[in-house]
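Listed here are the chains, written in short residue letters.
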Amino acid sequence: MGRVAALGERSRVAGLALAGAVVLVADAPEAVRRCWRTLPGDVDLVILTPAAAEALSETGEPLGSRPLTAVMPS
């Protein structure tokens with residue numbers, strides 16, 4: 001079973017570490033894209049903050065089906 005990661009602003013993702021998620025803090029769009037490109041290979045689910053999802057969508061590249069992504073409600 002793969003791991004879960006949370007990507008986005010510190011204030012939105014920090015608490016998910018308590019549930020065992022790999023927390024990737026990225027407050028700026030370029031930092032989000034850098035974290036996305038360097039995700040550990042064993043991550044199967046990435047929980048994105050709305051701002052992180054927007055930063056990734058700006059690249060025009062589809063997120064694909066692996067890893068699975070979920071966007072937090074705003």
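The coordinates are above.
All values reported here derive from a predicted model rather than from experimental measurement.

**Some remarks on the packing of helix H2 (residues 29-37) against helix H3 (residues 50-57)**
- Contact geometry of H2 with H3 gives a least axis separation of 9 Å together with a crossing angle of 80 degrees. Taken together, H2 and H3 sit at an angle that is classed as roughly perpendicular. Residues Pro29, Val32, Arg33 and Trp36 of H2 form the contact with H3, whose own contacting residues are Ala52, Ala55 and Leu56.
- When the residues that make up the contact of H2 with H3 are grouped by side-chain class, the tally is six nonpolar, no polar and one charged.

**Some thoughts on the side chain of Thr49**
- Within the secondary structure, Thr49 is located in the loop between strand E3 (43-48) and H3.
- Thr49 has contacts with Leu7, Gly8, Glu9, Arg12, Val13, Val71 and Met72, leaving out every residue within four places of it along the chain.

**Description of the pattern of salt bridges**
- Under the definition given, this model contains four salt bridges.
- The shortest N-O distance in the salt bridge between Arg33 and Glu30 comes to 3.6 Å. You can see Arg33 and its partner Glu30 sitting in helix H2, three residues apart, about one turn around the helix.
- Judged by its relative accessible area of 18%, Arg33 falls in the buried class.
- Here Glu30 falls in the partly exposed class, since its relative accessible area comes to 38%.
- Between Arg37 and Glu30 there is a salt bridge whose closest N-O contact spans 3.3 Å.
- Connected through shared salt-bridge partners, Glu30, Arg33, Arg37 and Glu58 make up one network.

**Here we look at the sheet that holds strand E4 (residues 68-71)**
- Read from one edge to the other, the open sheet built from four strands follows the order E2-E1-E3-E4, with strand pairing classed as parallel. Every interior strand has two partners, whereas the edge strands, strand E2 (22-25) and E4, have only one. The mean angle between the axes of side-by-side strands here comes to 20 degrees, regardless of whether they run parallel or antiparallel.
- In this structure, strand E1 (residues 3-8) lies alongside E2, joined through four bridges in parallel fashion. Across the sheet, the residue bridging to Ala5 is Val22, located in E2.
- Strand contacts of H2: E1, E2, E3 and E4, with the helix running at about 165 degrees to E1, the strand carrying the most contacts.
- Where H3 meets the sheet, it contacts E1, E3 and E4, and its direction lies at approximately 110 degrees from that of E3.

Calculation rules
For every chain, the first residue of the written sequence is number 1, and numbering continues from 1 along that sequence. pLDDT decides what is reported in this predicted model: residues at 70 or higher carry local features, side-chain atom pairs at 80 or more are listed and counted, and totals for whole chains, interfaces and linings draw on all residues regardless. Side-chain numbers come from the whole structure's heavy atoms, not from hydrogens or water. Throughout, an axis means a line fitted to C-alpha atoms (over the contacting stretch in the case of helices), and angles, computed between N-to-C directions, take values from 0 to 180 degrees. Secondary structure elements follow DSSP: runs of H or I no shorter than four residues count as helices, runs of E no shorter than two count as strands, and numbering proceeds from the N terminus. Here is the rule for angles: anything less than 35 degrees is roughly parallel, anything more than 145 is roughly antiparallel, 65 through 115 is roughly perpendicular, and the remaining ranges are oblique. Whether two residues touch is decided by their heavy atoms; if any such pair falls within 4.5 Å, the residues are in contact. Throughout this entry, Asp, Glu, Lys and Arg are counted as charged residues, while Ala, Val, Leu, Ile, Met, Phe, Trp, Tyr, Cys and Pro are counted as nonpolar. The remaining residues, Gly among them, count as polar. Take a side-chain nitrogen of Lys or Arg and a carboxyl oxygen of Asp or Glu: if they are within 4 Å of each other, that pair is a salt bridge. Any residue under 20% of the maximum accessible area for its type is buried, any over 50% is exposed, and the rest in between are partly exposed; the area is computed with a 1.4 Å probe on protein chains only. Between any two strands, pairing holds if DSSP finds at least two bridges.

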